[in-house]
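# Structural features, examined
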Amino acid sequence: NTRSLNQYGVILLEEMMKRGMVIDIDHMSEKATDATLNLAEAHQYPVITSHSWFRDLLYSADKEFDPKEKDRYATSDVHKVAHEAGKRADQIERISRLGGVVSAILNQGDIAGLRGAMPELATKIRASCAGSSTAWAEAYLYALAKMGGKGVAMGSDINGAACLPGPRFGTFAAYGA
């Protein structure tokens, strides 16, 4: 996504801040998210991410995705690869410094998880299962660590567009993945 906030976006955010409105950075491009955080920091104004993924927990590599080289990403599915909707670690830390709120979306899907991003926390989830509550638990622990233990919530986004996590065991285990 090549665009950021235009002049009208900046005016809108400034007017929202004047009125004490909640600013949710979800569904913004990466550039718009960074510009919004810059503006929020200039005004010392808290923002939220109401239903997010975290880039550190998604599958990624140091090279452009190629489904034929799945070993590099540990997946051959491009939909599981890190994307700009997944918030970066520095963005989460900025939200924390602003006194904002971060919410991990309930259905994290199939994520690489804590084992790469925060291996010291990976053992807190007994049996990780893609698309289940354990994937959400990993995202929750990640957010809690990045937010310094406060300002972390649950984000469902289940208005028809997002699914709930599936079961960990049985016939439909990891169904969402």
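Up top is the structure these notes are about.
The text that follows walks through the structure, step by step, so that each part is easy to find. This one's a predicted model, so the numbers in the text were calculated from it and none came from an experiment.

## Re the overall build of the chain
Within the chain one finds seven helices and four strands. Ordering the α and β elements of the chain from the N terminus gives α-α-β-α-β-α-β-α-α-α-β. For 177 residues, the compact-globule formula gives about 16 Å, and the C-alpha radius of gyration of the chain, at 17 Å, lands near that figure. Summarising its shape, the C-alpha atoms of the chain cover approximately 50 × 35 × 35 Å along the three principal directions. By residue count, 42% of the 177 residues in the chain fall in the buried class. Within the chain, contacts between residues at least 6 apart in sequence are counted, and of these 73% link residues at least 24 apart. Of the roughly 9900 Å² of accessible surface on the chain, 53% is carried by carbon and sulfur atoms.

## Topic: the environment of Asp 26
Structurally, Asp 26 is set in the loop between helix H1 (7-18) and helix H2 (30-43). For Asp 26, a relative accessible area of 9% gives the class buried. Between the C-alpha atom of Asp 26 and that of Ser 50, which follows or precedes it by 24 residues, the distance is 6.7 Å. Within polar-contact distance, the side chain of Asp 26 engages the backbone nitrogen of Ser 50 at 2.9 Å.

## Quick word on the side chain of Thr 49
The residue Thr 49 is located in strand S1 (residues 48-54) in this model. Relative accessible area serves as the criterion here: at 0%, Thr 49 is assigned to the buried category. Here Asp 26 takes part through its side chain, which lies 2.5 Å from a polar atom of the side chain of Thr 49. In contact with Thr 49, other than residues within four places in its own chain, are Asp 24, Ile 25, Asp 26, Lys 87, Ile 95, Val 101, Val 102 and Ser 103.

## Describing the packing of aromatic side chains
Two numbers describe a pair of aromatic rings. These are the distance of the centres and the angle of the planes. A complete count under the given rule lists two aromatic pairs for this structure. On the numbers, 5.3 Å between centres and 40° between planes, the contact of Phe 54 with Tyr 142 is tilted. Taken together, the residues span a long stretch of sequence, with Phe 54 in strand S1 and Tyr 142 in helix H7 (residues 133-146) at a distance of 88 residues. In this pair, the class of Phe 54 matches that of Tyr 142, namely buried. Considering the side-chain rings of Trp 136 and Tyr 140, the 5.1 Å spacing of their centres and the 25° angle between planes classify their relative orientation as stacked.

The rules behind the values
- Residues numbered from 1 in each chain as written.
- Predicted model: local features only at pLDDT ≥ 70, side-chain atom pairs only at ≥ 80, totals over all residues.
- Heavy atoms only, no water.
- Helix = DSSP H or I, 4+ residues; strand = E, 2+ residues; numbered from the N terminus.
- Rg over C-alpha atoms; globule rule 2.2 N^0.38 Å.
- Buried < 20%, exposed > 50% of the residue type's maximum accessible area, 1.4 Å probe, protein only.
- Contact = heavy atoms within 4.5 Å.
- Areas by Shrake-Rupley, 256 points an atom, 1.4 Å probe, with all protein chains shown as cover.
- Polar contact = N/O pair within 3.5 Å; in protein donor to acceptor, adjacent residues only side chain to side chain.
- Phe/Tyr/Trp six-rings, centres within 6.5 Å; stacked < 30°, edge-to-face > 60°.

Keep in mind that these numbers describe shape and distance, not what the molecule does.
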